[in-house]
Amino acid sequence: MTGTYGKQIYAAWQGKELLRDILGLAVTRRPGTPDRSATSAARYRFLAHVAEHAYLPKLVTLAETVEQWWAGNETYLTIGVTNAASEGNKRLVKLEARNEFGFRNRQNQRLRSRCATTRRSRRELHPSRPLPEPTTRSRNLHEPCSGFG
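Residues numbered from 1 in each chain as written. Predicted model: local features only at pLDDT ≥ 70, side-chain atom pairs only at ≥ 80, totals over all residues. Heavy atoms only, no water.

Put simply, helix α1 (residues 4-23) and helix α2 (residues 36-52) touch, their axes get as near as 9 Å, and they point 165° apart. Classified by the angle between their axes, α1 and α2 sit roughly antiparallel to one another. The handedness of the crossing between α1 and α2 comes out as left-handed. Here A11, Q14, G15, L18, L19 and I22 of α1 come into contact with α2, specifically with A42, R43, R45, F46 and H49. Looking at the contact of α1 with α2 residue by residue, the classes come out as 6 nonpolar, 3 polar and 2 charged. (Axes fitted to C-alpha atoms, helices over the stretch in contact; angles between N-to-C directions. Helix = DSSP H or I, 4+ residues; strand = E, 2+ residues; numbered from the N terminus. Parallel < 35°, antiparallel > 145°, perpendicular 65-115°, else oblique. Left-handed = near helix turned anticlockwise from the far one by under 90°. Contact = heavy atoms within 4.5 Å. Nonpolar A, V, L, I, M, F, W, Y, C, P; charged D, E, K, R; others polar.)

Structure below.
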């Protein structure tokens, strides 16, 4: 690498790869629970790299975020549990609200949010996937969402 910018880009890329090394230890990626010492060693390598390149503010911000959320990251690494599904639904509800410039009332908000987050409405975006069979538990979940005023 030659030049200041090339060295900065290379250092940022190395930091990203060291973070990927940490996430690669997750129980969902490998069979068995990861060794705590392996997780600690990977985390130390990442933080040591950031300390060596503290002149890169984005890399320091990334390290601060990793440290702030380490409890959740460690839970993901050891048992593979995430809140990805709930965060995805939250994103869909916010997107629906943004598309409609807000909701007129709570009932309309509840109905639109439910329709946006049901599996059937998401599958219509991918017609090649088969639709699940309707259950007797709740018929409204599998009805098409329409008729919003």
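Across the interface, α2 lies against helix α3 (residues 57-68) with an axial gap of 9 Å and an inter-helix angle of 150°. α2 and α3 meet at a crossing whose hand is left-handed. On α3, the residues touching R43, F46, L47, H49 and V50 of α2 are L59, V60, L62, A63, V66 and E67. Tallied by class, the residues present in the contact of α2 with α3 amount to 8 nonpolar, 1 polar and 2 charged.

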